[in-house]
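Here are the chains, one letter per residue:
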Amino acid sequence: MSVKWQDRLISAVVFLVALTIAAFSAHAYAGAWNDGSRLATVEALVEYHTLAIDQSVFVQVPDRAPRPYSVDEPGLLQSGTADKLFIDGHYYSDKSPVPALLMAAVYEGLQAITGLTARDRTDRFCWWMTLLSSGLAYAFGVWCIYQLGEPLRLGRSLRLWLAGSFALATVALPYVRHVNNHILLLGVVAGLMLAFARLANRAGERTPWLLLLGAGTLTGFGYTIDLGAGPVLLLCAAGLVANRCRHVAALAAFGLAALPWLVLHHSLNYAVGGTLKPANAVPEYFLWPGCPFNPQNMTGSLNHSAGHFLTYATALLFGKRGFIGHNLPLFLFLPALGFLLTKRPRELPEALFAAACCGGTWLAYGLTSNNYSGLCCSIRWFVPLLAPAFYVLAVFLRETPQYVADFAILSGWGVVLAAIMWWHGPWIQHMVPLFWPIQAAALTSWLAYRTWRWRVERAVVHVPAALRPAA
């Protein structure tokens, strides 16, 4: 078998293993308001042909008698989702509408084949929607991280290490258990990083129009998934395309591929909320009886003093909900980025794109939120940032293979932490058990190994040249 076919076979196995993990992980119920709200829109679109979720099994409204919760129907939330807006006498999900539109198409196809309905078999509905949205996004993201090794010229073992760490040592693992936009955007951004890695390999050649159209499509779709990270992604991606291609036609092709998604999102958003800004940023739409949200805890407005912003923004990364602390391999990210800025490899523009996406999203949410993304595992808004961060790590480990062991140590402890997070799922309502001890063990192990390596390397330097073994 040729090397090319071997790689294709391994790629297929990587995807299938990730999809199997996703299938085993998917829950057959809505675990929180978050996924209940998204599933309500999917049900409403197919069953009632409207974006209004009043009649959904996942929603409890004042003028309808409560439907009792039972173990036979684990997909039903006892009190219904509270992630909803009240607009012109109807309830709507406060989540972005375009992903729900695509999921509704999947549900309609599934219903045509099996006869499945959300109201009659809520458990099967939740499981299939989770697998065919979060599960596929997870498997595709893992596959893309493995595929990054080809344009980055990585060895097969390192490619498998990176894909395995991404799949099993990060918050991607718990977020595969329920429907959510965050892992969906992670899959999209992972695909975008792969497209940009291949685009970098084509720099100076004929314009790769298909790559540009694919990158534009992924960027446009990504914009519709999260209106906090989406604009940052769009701006950074356009800048990278302009830098790599350096002519207007290429940027125009990228923009035209992204445009239909932007138009679709804002058209649906305006049809529901009568505004171009996100409908869930309008305080008046949360004025319904018993609503837990108010202008003080809503995301989308500035509620910080300068000092509080610095504290809050730092805690988003390193606090008890901190994103880096919940993704232990990312402790290498900032050193890796600093090294690449100094070394200036061929992939520096893509590394800067990754840094800008991560930094821009962090600042956007740091400035416009104060609730640490609600009751969830770590910071759910930052889950898509794993893809650009792992791109930086991939380039760094190629340039400095002596740090692969460091990455393996952090990833090993990350698997332990991710297993605990997986058990509790993405909507955990308390701090992850053993979070600080595992983080301390990981950093202590890493420091001990780095100290040992430094001593060994220092000892080798001081060995007289005549006593050193021949090369």
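Procedures and definitions
Each chain carries its own residue numbering, running from 1 in the written order of its sequence. The predicted nature of this model means local features are confined to residues of pLDDT at least 70 and side-chain atom pairs, given and counted, to a pLDDT of 80 or more, with totals for whole chains, interfaces and linings taken over all residues. As a rule here, side-chain values cover all heavy atoms of the structure and leave hydrogens and water aside. Runs of H or I in DSSP of at least four residues are treated as helices and runs of E of at least two as strands, each being numbered from the N terminus. As defined in this context, the radius of gyration uses C-alpha atoms, and a globule is described by 2.2 Å times the residue total to the power 0.38. Partly exposed residues are those whose accessible area sits between 20% and 50% of the maximum for their type, while under 20% is buried and over 50% is exposed, using a 1.4 Å probe and protein chains only. Any pair of cysteine sulfurs within 2.5 Å is marked as a disulfide. Remark: nonpolar core denotes a set of buried residues (Ala, Val, Leu, Ile, Met, Phe, Trp, Tyr, Cys) joined through side-chain atoms within 4.5 Å. Within this analysis, patches are made of residues with over 30% relative accessible area and no salt bridge. Like charges are joined at 9 Å or less; nonpolar side chains (Val, Leu, Ile, Met, Phe, Trp, Tyr) at 5 Å or less. Calculation of accessible area relied on Shrake-Rupley with a 1.4 Å probe; when residues are assessed, cover is drawn exclusively from the protein chains displayed. Think of a salt bridge as a Lys or Arg side-chain nitrogen and an Asp or Glu carboxyl oxygen that are within 4 Å of each other. Given a helix with a known number of residues, its expected span is that number minus one, times 1.5 Å. By definition, residues are in contact when any of their heavy atoms lie within 4.5 Å. Pairing of N or O atoms within 3.5 Å defines a polar contact, subject to two protein rules: one partner must be a possible hydrogen donor and the other a possible acceptor, and residues neighboring in sequence count only if both atoms are side-chain atoms. Values of pLDDT, ranging from 0 to 100, describe the predictor's confidence in every residue of the model. All axes here are fitted lines through C-alpha atoms, helices being fitted over the stretch that makes contact, and every angle between N-to-C directions spans 0 to 180 degrees. For classification purposes, angles smaller than 35 degrees are called roughly parallel, those larger than 145 roughly antiparallel, those between 65 and 115 roughly perpendicular, and all remaining angles oblique. By convention the crossing between two helices is left-handed if the near helix lies anticlockwise of the far one by an angle smaller than a right angle, and right-handed if it lies clockwise. Residues were grouped as follows: Ala, Val, Leu, Ile, Met, Phe, Trp, Tyr, Cys and Pro as nonpolar; Asp, Glu, Lys and Arg as charged; and all remaining residues, including Gly, as polar. Two strands form a pair only when DSSP identifies at least two bridges running between them. Side-chain rings of Phe, Tyr and Trp (the six-membered ring for Trp) are treated as a pair once their centres are within 6.5 Å; stacked means planes under 30 degrees apart, edge-to-face means over 60, and tilted covers the remaining angles. Look at NZ for Lys and CZ for Arg. If either is within 6 Å of the ring centre and within 35 degrees of the ring normal, a charge sits over the ring.

K.L.:
How would you sum up the overall build of the protein? Please name residues and give values.
P.N.:
From N to C terminus, the protein includes 17 helices and two strands. For a compact globule of 471 residues, the expected C-alpha radius of gyration is about 23 Å, and the protein comes in at 23 Å, within 12% of that figure. Taking the principal axes of the C-alpha coordinates as reference, the protein spans close to 90 × 55 × 55 Å. Burial analysis of the protein (471 residues in total) assigns 53% to the buried set.

K.L.:
A description of the state of the cysteines should follow, citing residues and the corresponding values.
P.N.:
Applying the stated criterion across every chain yields a total of zero disulfides. For Cys 358, which is in no disulfide, the shortest distance to another cysteine sulfur is to Cys 357 and amounts to 6.8 Å.

K.L.:
So what's going on with the nonpolar core? Residues and values would help.
P.N.:
Formed by 142 residues in total, the largest nonpolar core has its most connected members in Phe 125, Tyr 138 and Phe 353. Per-element accounting of this core gives the leading share, 14 residues, to helix 8 (residues 181–201).

K.L.:
Go over a nonpolar patch on the surface with me, naming the residues and quoting the values.
P.N.:
A cluster of nonpolar side chains, Leu 9, Val 13 and Val 17, forms an exposed patch at the surface whose accessible area comes to about 250 Å². By the element assignment, Val 17 lies in helix 1 (residues 3–25).

K.L.:
I'd love a proper account of the environment of Thr 368, names of residues and values included.
P.N.:
On the secondary structure map, Thr 368 appears in helix 14 (residues 348–368). Overall, the relative accessible area of 24% leaves Thr 368 in the partly exposed class. Between the C-alpha atoms of Thr 368 and Leu 185, which are 183 residues apart in sequence, the distance is 20 Å.

K.L.:
Please set out unusual backbone geometry residue by residue, giving values where relevant.
P.N.:
Even without being a glycine, Arg 344 presents a positive backbone phi close to 55°. Within the element layout of this structure, Arg 344 appears in the loop between helix 13 (333–343) and helix 14. A positive phi angle, near 65°, is found at Leu 434, a position not held by glycine. Judged by its relative accessible area of 54%, Leu 434 is exposed.

K.L.:
Any details on helix 12 (residues 306–318)? Residues and values, ideally.
P.N.:
Its 13 residues place the ends of helix 12 18 Å apart at the C-alpha level, agreeing with the 18 Å of an ideal helix rising 1.5 Å per residue. Listing the buried residues of helix 12 in full gives Phe 309, Tyr 312, Ala 313, Ala 315, Leu 316 and Leu 317. On the buried face of helix 12, the contacting elements are helix 14.

K.L.:
Now, about the pattern of salt bridges: what can you tell me, with residues and values included?
P.N.:
Scanning the model with the defined rule gives eleven salt bridges in all. Linking Glu 150 and Arg 198 is a salt bridge whose minimum nitrogen-to-oxygen distance equals 3.9 Å. Of this pair, Glu 150 sits in helix 5 (residues 149–152) while Arg 198 sits in helix 8; the two residues are 48 residues apart in sequence, bridging distant segments of the chain. Residue Glu 150 is classed as partly exposed on the basis of its relative accessible area of 47%.

K.L.:
A description of helix 8 should follow, citing residues and the corresponding values.
P.N.:
Taking 1.5 Å of rise per residue, the 21 residues of helix 8 would be expected to cover 30 Å, and the 31 Å separating its terminal C-alpha atoms lies within 8% of that figure. Among the 21 residues that make up helix 8, 19 are buried, leaving the element largely enclosed by the rest of the structure. Measuring from the backbone nitrogen of His 182 back to the side-chain oxygen at the start of helix 8 gives 3.2 Å, which picks out Asn 180 as the cap.

K.L.:
Please set out the confidence of the model for the protein residue by residue, giving values where relevant.
P.N.:
Scored by pLDDT, the protein has a mean of 91; 92% of the residues are at 70 or more. Here residues 65–75 is modelled with pLDDT under 50, and outside its nearest four sequence neighbours on either side it reaches 23 contacts, counting other chains as well.

K.L.:
Tell me about the packing of helix 8 against helix 9 (residues 209–225), and please be specific about residues and values.
P.N.:
Following both chains from N to C, one finds helix 8 and helix 9 inclined at 160°, their axes separated by 9 Å at the closest point. Here helix 8 is positioned roughly antiparallel relative to helix 9, judged by the angle of their axes. In this structure, helix 8 crosses over helix 9, and the sense of that crossing is left-handed. Residues Asn 181, Leu 184, Leu 185, Val 188, Gly 191, Leu 192, Ala 195, Phe 196, Arg 198 and Leu 199 of helix 8 form the contact with helix 9, whose participating residues are Leu 211, Leu 212, Ala 215, Leu 218, Thr 219, Phe 221, Gly 222 and Ile 225. When its residues are assigned to classes, the contact of helix 8 with helix 9 shows 13 nonpolar, four polar and one charged.

K.L.:
Give me the pairing of strand 1 (residues 84–87): which residues, what numbers.
P.N.:
Strand direction decides the pairing type here: strand 1 and strand 2 (residues 90–93), joined by four bridges, are antiparallel. From the neighbouring strand, Leu 85 faces strand 2, where its bridge partner is Tyr 92. Taking the residues between adjacent antiparallel strands as the criterion, strand 1 and strand 2 are bridged by two residues, where Asp 88 takes a positive phi near 50°.

K.L.:
Talk me through the packing of helix 13 against helix 14; I want residue IDs and the actual numbers.
P.N.:
One way to put it is that helix 13 packs onto helix 14 with a least axis distance of 10 Å and a crossing angle of 140°. Comparing the axis directions of helix 13 and helix 14 gives the class oblique. Pair helix 13 / helix 14 crosses with left-handed handedness. Across from Phe 333, Leu 337, Leu 340 and Leu 341 in helix 13, the residues of helix 14 making contact are Leu 348, Ala 351, Leu 352, Ala 355 and Cys 358. Residue composition of the contact of helix 13 with helix 14, grouped by class: nine nonpolar, no polar and no charged.

K.L.:
Tell me what's going on with the side chain of His 27, and back it up with residues and numbers.
P.N.:
As for its position among the elements, His 27 is in the loop between helix 1 and helix 2 (33–48). Judged by its relative accessible area of 17%, His 27 is buried. Beyond its immediate chain neighbours, meaning those up to four positions away, His 27 contacts Cys 126, Trp 127, Thr 130, Arg 177 and His 178.

K.L.:
Tell me about the packing of aromatic side chains, and please be specific about residues and values.
P.N.:
Aromatic ring pairs: the centre-centre distance and the angle between the two ring planes describe each pair. Inspection of every chain in the model, using the stated rule, returns 21 aromatic pairs. For the ring pair Tyr 365 and Trp 381, a centre distance of 4.3 Å and an interplane angle of 5° mean the geometry is stacked. Highlighted residues: Tyr 365 in helix 14 and Trp 381 in the loop between helix 14 and helix 15 (386–399), separated in sequence by 16 residues. The pair formed by Tyr 365 and Trp 381 is uniform in burial state, with each residue classed as buried. Plain terms: the ring middles of Tyr 449 and Trp 452 are 5.9 Å apart, the flat faces sit at 40° to each other, and that makes the pair tilted. A residue pair is termed a helical-turn pair when its members lie 3 or 4 positions apart in one helix, as Tyr 449 and Trp 452 do in helix 17 (residues 435–461) at three residues. A cation over a ring is seen here: Lys 84 above Trp 288, with NZ or CZ 4.7 Å from the ring centre. The aromatic ring of Tyr 146 is capped on one face by Arg 159, whose charged end is 4.1 Å from the ring centroid.

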